[in-house]
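Residues per chain, in single letters:
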Amino acid sequence: MSQVWEYIKIALMNIRSNKGRSVLTMLGIIIGISSVIMIISVGNGIKSEVNGELNDMAGGQVAIYTDMQQNQEEQVSFNEEDFDAIQEKVAHVKSVTPVYNVYGSTSTRKGSFDIMLSCGTAGLKDYSKDPIIKGHFFTENDYYGAKKVCVIPESTARTLFGTADVVGMTLNLDIDGISQEFEVIGIRQDSSAALINMTSGGMQSMEIPLSTLETFGYYVSDFSDFYIIGESNEYTSKIAKDSVSLENLKVHIYTTKPFRMLPLMMMLTYNVGGLMLLLPKDKQIL
């Protein structure tokens, strides 16, 4: 014990005899530790911010699609029976919808504009986290009745009409040379992507019932992919597992490929019996 005190005394004597060097050494240690703490804190903050943004954009969603890279002897597809089975039999499912994108053009008194159409069932409302701020989204009655109605972002409303108060107004929608008149029934709050398009003069966007595509000569009944929107992100892995285990869903699956897991950006991709599942990176089903 006495030897330890001797070491301490020698150390204090050295510090007093070399005050300048000691201060610089302490300062270097303090700056180094502070820098490490600051970098770690900034990294954790950015990570939390990115995860929060991703959760806001697609939290609680499961994307199920056929693995086109597999050499399958039979075609795997989905239809409305599958969507209904998942909606009715899988717990914590908010909605199920395909997202079928079509490009066209629209014309109003302000002129003609290129537009991307997102087509789906009434469940398309929950595919985006951006809320409906005016009017309402199209309903199941609108979908099954193939009513020519649409929902547009606020930025698209201002571009096409010069104002966001456009609920009840109509526009002409042209796809492959066929023109139809659609009524605007709802306005969705702009996302960051919509704001970028607005400032850069990009393509406008619109959501319509998938069933209305038949009036343009599109007859879509089978799908290679669709989305399941859960009540919250915590149910994502259970929803994915229960959905691909449904007996009704397996009617359309003719292959028995093994599980395969691949990283994809901030998501994990699972191969399940010829199906690909996209889940948030922190959700596991294996």
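Residues numbered from 1 in each chain as written. Predicted model: local features only at pLDDT ≥ 70, side-chain atom pairs only at ≥ 80, totals over all residues. Heavy atoms only, no water.

Colleague: Please set out the confidence of the model for the protein chain residue by residue, giving values where relevant.
Modeller: Per-residue pLDDT for the protein chain has a mean of 77; in total, 73% of the residues score no lower than 70. Mean pLDDT values for the elements of the protein chain range from 31 in strand β11 (residues 260-264) up to 96 in strand β6 (residues 149-153). Here residues 250-276 is a poorly scored stretch, pLDDT under 50, and it has 88 contacts once near neighbours within four places are set aside; other chains count. Predicted confidence is poor over residues 279-286, with pLDDT under 50, and the contacts of this stretch with residues over four places away or in other chains come to 34 contacts. (pLDDT = per-residue confidence, 0-100. Helix = DSSP H or I, 4+ residues; strand = E, 2+ residues; numbered from the N terminus. Contact = heavy atoms within 4.5 Å.)

Colleague: Explain a negative patch on the surface residue by residue, including any values.
Modeller: On the surface, Glu81, Asp84, Glu88 and Glu140 cluster together into a patch of negative charge. Within the fold, glutamate 81 resides in helix α3 (residues 80-89). (Patch = residues over 30% accessible without salt bridge, like charges linked within 9 Å, V, L, I, M, F, W, Y side chains within 5 Å. Areas by Shrake-Rupley, 256 points an atom, 1.4 Å probe, with all protein chains shown as cover. Salt bridge = Lys/Arg side-chain N within 4 Å of Asp/Glu carboxyl O. Lys, Arg positive; Asp, Glu negative; His and termini not counted. Charge placed at Lys NZ, Arg CZ, Asp CG, Glu CD.)

Colleague: Describe the nonpolar core, listing the residues and the values that go with them.
Modeller: Ranked by internal contacts, the top residues of the largest apolar core, which has 39 residues, are Leu117, Ile152, Leu173, Met206, Ile208 and Ile228. Of the residues forming this core, the biggest block, four residues, is contributed by strand β4 (residues 111-120). When neighbours within four sequence positions are excluded, isoleucine 152 is seen to be in contact with Ala157, Phe161, Val166, Val184, Gly186, Ile187, Arg188, Ser205 and Met206. (Core = buried A, V, L, I, M, F, W, Y, C linked by side-chain atoms within 4.5 Å. Buried < 20%, exposed > 50% of the residue type's maximum accessible area, 1.4 Å probe, protein only.)

Colleague: An account of helix α7 (residues 236-244) is needed here, citing residue identities and associated values.
Modeller: Listing the buried residues of α7 in full gives Thr236, Ser237, Ile239, Ala240, Ser243 and Val244. Viewed along the axis of α7, the buried residues span an arc of 165°, placing them on a single side of the element. (Arc of directions from axis to C-beta.)

Colleague: Give me the lowdown on the pattern of salt bridges, citing residues and values where you can.
Modeller: Enumeration according to the criterion identifies six salt bridges in this entry. For aspartate 126, the salt bridge identified is with lysine 94, shortest N-O distance 3.8 Å. On the criterion of sequence distance, the pair formed by aspartate 126 in the loop between β4 and β5 (132-135) and lysine 94 in strand β2 (residues 93-97) is long-range, its members being 32 residues apart. The exposure class of aspartate 126 is buried, given its relative accessible area of 17%. The closest approach of N and O atoms between aspartate 165 and lysine 134, which form a salt bridge, is 2.5 Å. Taken together, the residues aspartate 165 in the loop between α5 (154-161) and β7 (170-175) and lysine 134 in strand β5 connect sequence positions 31 residues apart. Under the relative-accessibility criterion, aspartate 165 is labelled exposed at 54%. The partly exposed category is assigned to lysine 134, whose relative accessible area is 28%.

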